[in-house]
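Fold and contact review
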Amino acid sequence: MDMSKVVESDSSSVGSGVLQLSLDSIRESLIRQEDTIVFSLIERAKFPLNSPAFEESHSLDSENSSSLTEFFIREIEILQAKVGRYENPEENPFFLDNIPHSVFPTRKYPPVLYTKALSVNINKRIWDVYFKELLPLFVKPGDDGNYPLTAASDFACLQALSRRIHYGKFVAEVKYRDAPQDYEPAIRAQDKEALMKLLTFEKVEEMVKKRVQKKAETFGQEVKCITGDEKNYKVDPLVVSRIYGEWLIPLTKLVEVEYLLRRLD
Ligand SMILES: C=C(O[C@@H]1C=C(C(=O)O)C=C[C@H]1O)C(=O)O
């Protein structure tokens, strides 16, 4: 791959045209994405669970049986596709099988990823995990009827989580390029376990979990005028760390494995 064609260097984001594709630069982007994720969880925690928004059909249109949240996200994704969001290889839609073309001219993204592995998309799984397992961990139970704002908040979380998890494709590409001789036998054997072992860095994972806990403590601390010892958080920092440890990191690694399995197709 001719990286000299990649001329832009002012961005921390791979899909925006980063000059040197290195594990360090990719990890920098993942670190920055932690801020977006923590803030999006804090914002979502303003609302209770509001499960009717994503569980029941609220549509008055009999042809449409989706939940309010699903309807909202389908429609917004069409709009975002029309302004070019999904031309960016960092972005993976939840519902669009046939992504509408951008109505406007879009920038050319450098061809960083391997074409035959580009289409890895586990958003169906991310959707289920988010609504069934993650949300109940960090929002209060209950229903205040504020479904439109809740759906918008859920979409912000889902997009941030999906971007982070699918960044695994870039991580995998760079790890492969750094050591093709290590990865090729496992790819040829389609050995998922061996690939998982090769790409895992436990120390890095521990650091990520500690750092996001600290970010949740810092960004989500209740600020009071009267000083006191007790600290309250908008989202429990230990829960944020757990969300990373039990879901986000394993799903990112799943994307890495799925990408690598196709890397020699
Ligand atoms: C993303 C990477 O791959 C793996 C996944 C990690 C993560 O999701 O944070 C961290 C370390 C690795 O075990 C990486 O090496 O940075």
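Note that the coordinates shown come from a computational prediction; the quantities given were computed from them, not determined experimentally. (Residues numbered from 1 in each chain as written. Predicted model: local features only at pLDDT ≥ 70, side-chain atom pairs only at ≥ 80, totals over all residues. Heavy atoms only, no water.)

**Re the site of the ligand**
Around the ligand, the structure places 15 residues, and the nearest of them are Arg-27, Arg-164, Lys-175, Phe-201 and Glu-205. Here Arg-164 contributes a side-chain N or O atom positioned 2.8 Å from an oxygen atom of the ligand. Taking 360 Å² as the accessible area of the ligand by itself, protein coverage stands at 99%. Taken atom by atom, the bulk of the ligand overlaps the second largest pocket. Elements with a contribution of two residues or more to the shell around the ligand: helix 1 (23-44), helix 6 (168-178), helix 9 (202-219) and helix 10 (237-261). No other element matches the 4 residues that helix 10 contributes to the shell around the ligand. Within the shell around the ligand, the residues separate by chemical class into 7 nonpolar, 2 polar and 6 charged. (Near = heavy atom within 4 Å. Polar contact = N/O pair within 3.5 Å; in protein donor to acceptor, adjacent residues only side chain to side chain. Areas by Shrake-Rupley, 256 points an atom, 1.4 Å probe, with all protein chains shown as cover. 1 Å grid on protein atoms, 1.4 Å probe; cavity = no way out; pocket = protein on both sides within 12 Å on 5 of 7 lines; lining within 4 Å. Sits in = over half its atoms within 2 Å of the grid points. Helix = DSSP H or I, 4+ residues; strand = E, 2+ residues; numbered from the N terminus. Nonpolar A, V, L, I, M, F, W, Y, C, P; charged D, E, K, R; others polar.)

**Re helix 10**
The end-to-end C-alpha separation of helix 10 is 35 Å, in line with the 36 Å expected for 25 residues at 1.5 Å each. Most of helix 10 is tucked away, with 19 of its 25 residues classed as buried. A distance of 2.9 Å separates the backbone nitrogen of Leu-238 from a side-chain oxygen at the start of helix 10, and that oxygen is part of Asp-236. (Expected span 1.5 Å × (residues − 1). Buried < 20%, exposed > 50% of the residue type's maximum accessible area, 1.4 Å probe, protein only.)

**Topic: the environment of Leu-96**
Summarising the element assignment, Leu-96 is placed in the loop between helix 3 (68-82) and helix 4 (123-138). Leu-96 sits in the buried class, given a relative accessible area of 15%. Sequence spacing of Leu-96 and Glu-75 is 21 residues, and the spatial spacing of their C-alpha atoms is 9.9 Å. Setting aside its immediate chain neighbours within four residues, Leu-96 contacts Glu-77, Ile-78, Ala-81 and Tyr-86. (Contact = heavy atoms within 4.5 Å.)

**Overview of empty space enclosed by the protein**
Rolled over the atoms, a probe as big as a water molecule pinpoints where empty space is left. Taken as a whole, this structure holds 2 cavities of 30 Å³ or more when the rule is applied. Its volume calculated, the largest cavity comes out at about 40 Å³. Lining the largest cavity, in full, are Glu-77, Tyr-86, Glu-91, Asn-92, Phe-94, Gln-159, Ser-162 and Arg-163. Residue contributions to the lining of the largest cavity peak at 3 residues, all from helix 5 (residues 147-166). (Points joined across faces, edges and corners; volume = space filled by probe spheres on them.)

**Topic: unusual backbone geometry**
Even without glycine at this site, Asn-50 takes up a positive phi of about 50 degrees. Structurally, Asn-50 can be placed in the loop between helix 1 and helix 2 (52-55). The phi dihedral of Gln-190 falls on the positive side, at around 50 degrees, and the residue is not glycine. Relative to the helices and strands, Gln-190 resides in the loop between helix 7 (180-188) and helix 8 (192-199).

**Regarding the layout of surface pockets**
Taken as a whole, the largest pocket spans an internal volume of roughly 470 Å³. Around the largest pocket, the lining comprises 21 residues; the ones closest to its centre are Tyr-86, Glu-87, Asn-88, Pro-89 and Leu-118. Classifying every residue of the lining of the largest pocket gives 10 nonpolar, 6 polar and 5 charged. Contributing elements (two or more residues each) for the lining of the second largest pocket: helix 1, helix 6, helix 9 and helix 10.

**Let's talk about the environment of Leu-30**
When you line up the elements, Leu-30 lands in helix 1. With relative accessibility at 11%, the residue Leu-30 sits in the buried group. Expressed as a C-alpha distance, the spacing of Leu-30 and Arg-164, which sit 134 residues apart in the sequence, is 6.7 Å. Residue contacts for Leu-30: discarding those within four places in its chain leaves Arg-164, Tyr-167 and Val-171.

**With respect to the confidence of the model for the protein chain**
Of all residues in the protein chain, 90% have pLDDT values of 70 or greater, and the mean over the chain is 91. Predicted confidence for residues 1-12 stays below pLDDT 50, and this span has 24 contacts to residues more than four positions away or in other chains. (pLDDT = per-residue confidence, 0-100.)

**Observations regarding the nonpolar core**
With 40 residues, the main nonpolar core has Tyr-130, Leu-135, Phe-138 and Leu-158 as its most contacted residues. Elements with a contribution of two residues or more to this core: helix 1, helix 4, helix 5, helix 9 and helix 10. By residue number, the principal contributor to this core is helix 10, which donates 9 residues. For Leu-158, the contacting residues outside a window of four places in its chain are Ile-73, Phe-94, Ile-126, Trp-127, Tyr-130 and Phe-131. By size, the runner-up hydrophobic cluster in this structure holds 22 residues, among which are Leu-21, Val-171, Ala-172 and Tyr-259. (Core = buried A, V, L, I, M, F, W, Y, C linked by side-chain atoms within 4.5 Å.)

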